[in-house]
Each structure stands twice: as structure tokens, then as C-alpha cells.
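# Structural features, examined
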Amino acid sequence: MLEITAIVAIVLAIAIAAVLVFASARPDSFTVQRSTVMEAPAERIFPLVNDFQQWTKWSPWEGRDPAMKRSFNGSASGKGAIYAWEGNKNVGSGRMEILDASQPSKITIKLDFFKPFEGHNTAEFTFAPERDASATNVIWVMRGPSPFISKVMQVFMNFDAMIGRDFEAGLANLKKLTEN
């Protein structure tokens, strides 16, 4: 019995060491990117992203907690606009601030998550004209550091797929909203 316990302990220690070594070899940062072409000019889409109060119409996270507490501070839209939220386990809590808004081509957002996990990332929306500017390729990117605990989690979870699904849903909502 002691031999079996020792073998199980050794195998378990090797498995844990393998996960930790594999995790330490992962990149120190991550990028998630999705895009879609919308049959609308950038001038119609840009204001819906540039004004955090408009996000309730298209953001994939807005409907996950009907009781979510929101606050809007700073500028009404564009550079200096701030949106903070606190909600259930599905949305957690965090804060966004628009750092730059170059109408109608790009918006850069500082994105800080506090719960359920702390994270400090940058999100960018780029609006690239298509077909004589009658359509727009909207590109949504999030970048950030990958601390060690995040690298370990990524051994078991695909962050790109998880976050990417939300980006795809948000872009689909934005597309529906702007093409109507």
C-alpha cells in the first residue's frame, strides 16, 4: 500500500511540475482580436462605441446581470469618459476609460478588472472603411499582460475562445444595430 501511495505521489508531483513548466513557457502577454464588416459608414458606428452609455445597446455583458450597478464619470464621450460597473459573478467589477478617440477611425480604452480576477488591459476599436466607405471593418482587440497565475489557467482554458465569443456577440449586436 505504501508503494502505491508513493507512486501516486510521484506521478502527481511530475504532473504538477509539467503544468508549471508548460505554463512558464507561455507568452508574457495575450491578444484577443475579432472583426466584422458592417454595412454602415464608420460615422454611424463610432458614436456607439465612443459613448459608454450607448454600450447598453450592444455590449455582450450588459444583459448578464439585470441588477448591475453602473456609473459614468468624466467626459460624456470620447477621451476622458469613464464607465465603472459592479455586478454578480457573471460580470464582476471593473472600470473603463477612453484614453484616445480619433473620430472616426480608432478608440483606445484602458480596461481594469477588479473581480473576479484582477487584470489591467487595453482594448482598441479600429474602424476601417470598406467599399468607398459605405461599409466599415470594425476590429476589436484586447491586449494585456499574462501573469503567472493567468498562464497556469491558460493551460486548461482557452482565453481566446472564451473572450473571442463575447467579442463576436458584441460585434454582431453592433452590426445589427447599425445596419437597421
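One can find the structure itself at the top, above this paragraph.
Below, the structure is looked at part by part. Source: prediction; values computed, not measured. (Residues numbered from 1 in each chain as written. Predicted model: local features only at pLDDT ≥ 70, side-chain atom pairs only at ≥ 80, totals over all residues. Heavy atoms only, no water.)

## A word on the pattern of salt bridges
Tallied over the full model, the rule gives ten salt bridges. Across the salt bridge formed by Arg-64 and Asp-166, the nearest N and O atoms sit 2.6 Å from each other. Note that Arg-64 is positioned in the loop between helix H2 (42–50) and strand E2 (69–74) and Asp-166 in helix H4 (residues 159–179), a separation of 102 residues in sequence. On the basis of relative accessibility, which here comes to 32%, the residue Arg-64 falls in the partly exposed class. Residue Asp-166 is classed as buried on the basis of its relative accessible area, which comes to 15%. One salt bridge in this structure joins Lys-175 and Glu-179, with 3.2 Å as the shortest N-O distance. One end of the pair is Lys-175 and the other is Glu-179, both in helix H4 and four residues apart, which spans about a single turn. Three or more residues are tied together by salt bridges with common partners; here these are Arg-34, Asp-160 and Glu-168. (Salt bridge = Lys/Arg side-chain N within 4 Å of Asp/Glu carboxyl O. Helix = DSSP H or I, 4+ residues; strand = E, 2+ residues; numbered from the N terminus. Buried < 20%, exposed > 50% of the residue type's maximum accessible area, 1.4 Å probe, protein only.)

## Describing the environment of Glu-86
For Glu-86, the position within the fold is in strand E3 (residues 81–86). Residue classification places Glu-86 among the partly exposed residues on the basis of a relative accessible area of 49%. Spatially, the C-alpha atom of Glu-86 lies 33 Å from that of Ala-128, the residues being 42 residues apart in sequence. Beyond its immediate stretch of four places on either side in the chain, Glu-86 contacts Met-68, Lys-69, Gly-92 and Ser-93. (Contact = heavy atoms within 4.5 Å.)

## A short note on a nonpolar patch on the surface
Residues Leu-12, Ile-16, Leu-20 and Phe-148 make up a contiguous nonpolar surface patch of about 370 Å² in total accessible area. Structurally, Leu-20 can be placed in helix H1 (residues 2–24). (Patch = residues over 30% accessible without salt bridge, like charges linked within 9 Å, V, L, I, M, F, W, Y side chains within 5 Å. Areas by Shrake-Rupley, 256 points an atom, 1.4 Å probe, with all protein chains shown as cover.)

## Thoughts on the nonpolar core
Core analysis: the largest hydrophobic core is formed by 34 residues, its most contacted members being Ile-109, Phe-125 and Phe-127. Of all the secondary structure elements, the ones that give two or more residues to this core are strand E1 (29–38), H2, E3, strand E4 (93–102), strand E5 (106–115), strand E6 (119–130), strand E7 (135–145) and H4. The contacts of Phe-127, once residues within four sequence positions are left out, are Ala-42, Ile-45, Phe-46, Val-49, Pro-104, Ser-105, Lys-106, Ile-107, Thr-136, Asn-137 and Val-138. (Core = buried A, V, L, I, M, F, W, Y, C linked by side-chain atoms within 4.5 Å.)

## Comments concerning helix H3 (residues 148–156)
When we look at burial in H3, the residues that qualify are Ser-150, Lys-151, Val-152, Met-153 and Gln-154. Close packing links the buried residues of H3 with H1 and H4.

## Things to note about H2
Listing the buried residues of H2 in full gives Ala-42, Ile-45, Phe-46, Leu-48, Val-49 and Asn-50. In the core, the buried residues of H2 are packed alongside E1, E4, E5, E6, E7 and H4.

## With respect to the layout of surface pockets
Computed from the structure, the largest pocket encloses a volume of approximately 1100 Å³. Of all the secondary structure elements, the ones that give two or more residues to the lining of the largest pocket are E3, E5, E6, E7, H3 and H4. For the lining of the largest pocket, the per-class residue count stands at 25 nonpolar, seven polar and six charged. (1 Å grid on protein atoms, 1.4 Å probe; cavity = no way out; pocket = protein on both sides within 12 Å on 5 of 7 lines; lining within 4 Å. Points joined across faces, edges and corners; volume = space filled by probe spheres on them. Nonpolar A, V, L, I, M, F, W, Y, C, P; charged D, E, K, R; others polar.)

## Examining the packing of aromatic side chains
Applying the stated criterion across every chain, the model contains 14 aromatic pairs. Between the aromatic rings of Trp-58 and Phe-125, the centroid separation amounts to 6.0 Å while the plane-to-plane angle is 85°, which identifies the pairing as edge-to-face. Taken together, the positions of Trp-58 in the loop between H2 and E2 and Phe-125 in strand E6 put the pair 67 residues apart, joining distant regions of the chain. With relative accessibility at 1%, the residue Trp-58 sits in the buried group. Given a relative accessible area of 0%, Phe-125 falls into the buried group. By way of ring pairs, the aromatic residues Phe-52, Trp-55, Trp-58, Trp-61, Phe-72, Tyr-83, Trp-85, Phe-113, Phe-125, Trp-140 and Phe-167 are connected into one cluster. (Phe/Tyr/Trp six-rings, centres within 6.5 Å; stacked < 30°, edge-to-face > 60°.)

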